[in-house]
Structures are given as structure tokens and as C-alpha cells.
Amino acid sequence: MNVGDYVEPGKIYTEDLTTWPKNGFALTGLYESFKAQRKLKEAGDVKKQLDAAWKYADSDLKYSRMDETKRKNLTLKVDANSPNEVIYLASSVCMAKVR
């Protein structure tokens, strides 16, 4: 989305939501993707889902993008004792690089 592509990230956020239906980061990203594409009805529908999913959170979501200037320093260690959420995150990052 940082380079002006709003369709492909929308597909990735939608795919993520099939596994994690109430993922606030994916809902935020999909909402921003639809807004950027001027798909206002779809954006409104996703915003309702986001508001419902995030209504008890103790912090606001601002965006779900990684800062490209800091990405090169991002290290994620995964081993046999890692929780499933960390393994999923690592595989998502790796798959994004492959695509």
C-alpha cells in the first residue's frame, strides 16, 4: 500500500481474515485498502467488523504496515517452543516475500 497498490494488499488481508476472522490489523488494512480504492460500501462493512472486534481493546490501531526502512532489521526467531501465533506471523512474512 505504501507504493500505491491497494488491490493486492486487500487480497492478502482478506486471505488473513479467513484464518483469523477478527484480526484487527487485517481488518484495518482491508478497511484502508477499500477506502483507497474508493469502495466505500465495502470499507463501511469492514469498519463495522473492526469496531466490533476491537471494542474491548486497550489501545487504538493506527495501521498495519511495516516500515520499509526498519524491515531489514526485523528479526523473528521461531523454534519448537514458539506459540502458534508467532509461527503464523513468521510464515505470513515469508510468504509475502515470496509473492
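Since the structure is predicted, the reported quantities are computational estimates derived from the model, not experimental observations.

## Some details on the overall build of the protein
For the protein, the helix and strand inventory stands at 5 helices and 0 strands. Of all 99 residues assigned to the protein, the portion counted as buried reaches 21%. Excluding contacts between residues fewer than 6 apart, the proportion of contacts in the protein whose partners are at least 24 apart in sequence is 45%. Of the roughly 7600 Å² of accessible surface on the protein, 56% is carried by carbon and sulfur atoms.

## Overview of the nonpolar core
Core analysis: the biggest nonpolar cluster contains 12 residues, these being M1, Y13, L17, A26, L27, L30, Y31, F34, A43, V46, L50 and L61. Looking at this core, the elements with two or more residues in it are α1 (7–19), α2 (24–36) and α3 (40–54). Counting residues per element, this core draws most heavily on α2, at 5 residues. Here L50 is in contact with G24, L27, T28 and L61, once residues within four sequence places are set aside.

## What to know about the pattern of salt bridges
One pass over the full model with this rule turns up 4 salt bridges. Among the ionic pairs, E8 bridges to K11, the shortest N-O distance being 3.9 Å. Of the two residues, E8 and K11 are both situated in helix α1; the distance of 3 residues between them amounts to about one turn of the helix. Looking at E8, the relative accessible area reads 33%, which means it is partly exposed. Between D51 and K47 there is a salt bridge, and its shortest N-O distance comes to 2.8 Å.

## Re the packing of α2 against α3
The N-to-C vectors of α2 and α3 enclose an angle of 160°; their axes lie 9 Å apart at closest approach. The angle between α2 and α3 falls in the class roughly antiparallel. The chirality of how α2 crosses α3 is left-handed. Along the contact surface, α2 presents G24, L27, T28, L30, Y31, F34 and K35, while α3 presents E42, A43, V46, K47, Q49, L50, A53 and W54. For the contact of α2 with α3, the residue count by class is 9 nonpolar, 3 polar and 3 charged.

Reading the values: rules and limits
- Residues numbered from 1 in each chain as written.
- Predicted model: local features only at pLDDT ≥ 70, side-chain atom pairs only at ≥ 80, totals over all residues.
- Heavy atoms only, no water.
- Helix = DSSP H or I, 4+ residues; strand = E, 2+ residues; numbered from the N terminus.
- Buried < 20%, exposed > 50% of the residue type's maximum accessible area, 1.4 Å probe, protein only.
- Contact = heavy atoms within 4.5 Å.
- Areas by Shrake-Rupley, 256 points an atom, 1.4 Å probe, with all protein chains shown as cover.
- Core = buried A, V, L, I, M, F, W, Y, C linked by side-chain atoms within 4.5 Å.
- Salt bridge = Lys/Arg side-chain N within 4 Å of Asp/Glu carboxyl O.
- Axes fitted to C-alpha atoms, helices over the stretch in contact; angles between N-to-C directions.
- Parallel < 35°, antiparallel > 145°, perpendicular 65-115°, else oblique.
- Left-handed = near helix turned anticlockwise from the far one by under 90°.
- Nonpolar A, V, L, I, M, F, W, Y, C, P; charged D, E, K, R; others polar.

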